[in-house]
Each structure stands twice: as C-alpha cells, then as structure tokens.
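Here is how the chains run, residue by residue.
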Amino acid sequence: MKVSKAGSVAAVIVLGLTASGCGGGDAADGNRKISIGIKFDQPGLGLREGGKFSGFDVDVATYVAKELGYKPDQIEFKQVYSSDRELMIQFNEVEFVVASYSINEKRKAKVDFAGPYFTAHQDLLVRASETEITKAEDLNKKRLCSVTGSTSAENVRAKLAPKAEMMELGGYSECLVALQNSSLDALTTDNAILAGYAAQSANQGKFKLAGLNLSNEQYGIGLKKGNTELQGKINDALRKMVQDGSWQKFVHTNFGAAQYKSDPAPQITEGK
C-alpha cells in the first residue's frame, strides 16, 4: 500500500499548526468545517477526481459527519497515506480518519478507533478468463503483482506460495495494466480495494476476484486517543447507518458492479 515520507509530513503538519487550528469546530457555525482523512487513490473506497470525492469510505465519512451536525459543504477531505494516518490524527490535522484503516493493537497504542464498520479480506484479482488460480498455492507457478511499499503480495509468497514470481510496480493501476496484458497473473491486497478497481467502468468484465479469504481486516475510524466522547458519537452514527439501510446502500453503490459479496456489517467492539 502506498507509503509517504512520514518525516516530511510531520514537518508540514507542525508548520501548518502554527498558521491554523484544528480541522474541527462548532457545527452550528456555518463558517467552520470538519476535516476528515481519506484516501484519494482507491476506487470504491476513497477516490478524488477533480474536486469530487467518491467511495464507500467517503459515504461513511459523510454520513458520520452529518450525524455530528455537519453539512456536506462543511466537510474538508484531506488526503492520508497508510503511514501518515496516526500523524494526521495526533497533530490535529483531521478530526478522524476513514481510510481502509485496519484496527490492530500496534495502531491502538497511538490512536483510538470507532467501529469497526467493515470487514475486508486479503484476496487475489485475476483476469476474468482465468481458470487456473483458485487458491493461493496456485500462484507457485504464476507471476504476482506487488505494489511498492505493500506487504500483501509478500505475505502470500512467504506463507502460501513461496515460488511465486514477484513483480513490484508503483501503484495498483500499473498492476492492472500488466494484469490485463498478461504480463502478470494476479494482484493481491484487500478485497474491498480490488473490488473497487474491478467495478470501475473501464475495467468491468475484465477482472474478477478469486474469492479467497487470506486475512481478516476490520476497518475502523481512527481518532485522537482518549476522545471517548467523539468515539461514542461516531459509534452511534455507525449503528444508525446500519439500521436505516444506508450501510448496505453504500456497499451496493460502490462495489455492486464488481459483484462483490461483502461480509455483514460487523458489530461495534471499539469503545461504547
């Protein structure tokens, strides 16, 4: 997964804090905005195209902000990278992060989570015509795509398919081009991310998910450690989102074209 230079980001954040306050504010004040961290380069989850944002995480973030009292035009989406999410939260650059952010103990030492709101699994994306890859071990005689900075492909090769040939490219879009022209045989990362790419109009009918559950990833909403009040409000919003049908609607809207079968909405386990 994409990794930025955390040290540089930290420096920018520190400088930014001297010129402006936290991204939050009083929702009743129309001049104030709430800053939310999302990915800008993950179709189906968090994607920026021009000045527009789309994806499941974007829909979830917008819903939660609404429940906190913010209108869409009061939301400021800020780009986060996998390595920068804790920094963005700790330095008050964002109120919370909704960015395919898997909950784990290492991260919980630095930030708190609300949720989880989604369960993803590591999977393989293959060409639609592919019939020889039905399990991870089948990759032993195949070429597997690894995005620079990602551990997903290495996990498959190290644990399940040690003889898989590795190809490292700069981004998922490059992997898709190589997959389409048969330069490689499979791409691996979280199935939600893969489904987002497969659902893009330009990719429909070209790729399919292998349907393997190689890991369990619980996506949570990251927020500043100790902010139990905000954590509780976000959890309440997530419960309402499931109960009123919005969660399922967001899944269908963002992943339906890829025929992605998501797990049911998970139970809230973080905080209250």
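All figures in this text were calculated on a predicted structure; none of them were measured in a lab. (Residues numbered from 1 in each chain as written. Predicted model: local features only at pLDDT ≥ 70, side-chain atom pairs only at ≥ 80, totals over all residues. Heavy atoms only, no water.)

Novice: I keep staring at the pattern of salt bridges and nothing clicks. Help me out?
Specialist: Pairing is possible between side chains that carry opposite charge, provided their charged atoms lie close to one another. In this structure the tally under the stated criterion is 13 salt bridges. The partner of Glu-105 in a salt bridge is Lys-108, with the nearest N and O atoms 3.6 Å apart. Taken together, the positions of Glu-105 and Lys-108, both in helix α4 (residues 105–108) and 3 residues apart, correspond to about one turn of that helix. What makes Glu-105 exposed here is its relative accessible area of 61%. Residue Lys-108 is classed as partly exposed on the basis of its relative accessible area of 25%. The partner of Asp-112 in a salt bridge is Lys-225, with the nearest N and O atoms 3.2 Å apart. With a gap of 113 residues between them, Asp-112 in strand β7 (residues 111–120) and Lys-225 in the loop between β13 (217–224) and α8 (228–243) connect regions that are remote in the sequence. Exposure remark for Asp-112: the relative accessible area of 17% places this residue in the buried category. (Salt bridge = Lys/Arg side-chain N within 4 Å of Asp/Glu carboxyl O. Helix = DSSP H or I, 4+ residues; strand = E, 2+ residues; numbered from the N terminus. Buried < 20%, exposed > 50% of the residue type's maximum accessible area, 1.4 Å probe, protein only.)

Novice: Is there a simple way to explain the sheet that holds strand β12 (residues 207–209) in this structure?
Specialist: Paired through backbone hydrogen bonds, the strands of a sheet run either parallel or antiparallel to each other. Here 5 strands make up an open sheet; going across it, the order is β10-β9-β11-β8-β12 and the pairing mixed. The strands lining the two open edges of the sheet, one partner per strand, are β10 (165–169) and β12. Taken over all neighbouring pairs, the strand axes of this sheet differ in orientation by 35° on average, direction set aside. Here 4 bridges tie strand β8 (residues 122–127) to strand β11 (residues 186–190), and the two strands are oriented antiparallel to one another. Bridge assignment links Asp-123 to a residue of β11, and that residue is Thr-189. Each of β8, β11 and β12 is contacted by helix α7 (residues 191–199), which is oriented at about 125° to β11, the strand it contacts most. (Pairing = 2+ DSSP bridges. Axes fitted to C-alpha atoms, helices over the stretch in contact; angles between N-to-C directions. Contact = heavy atoms within 4.5 Å.)

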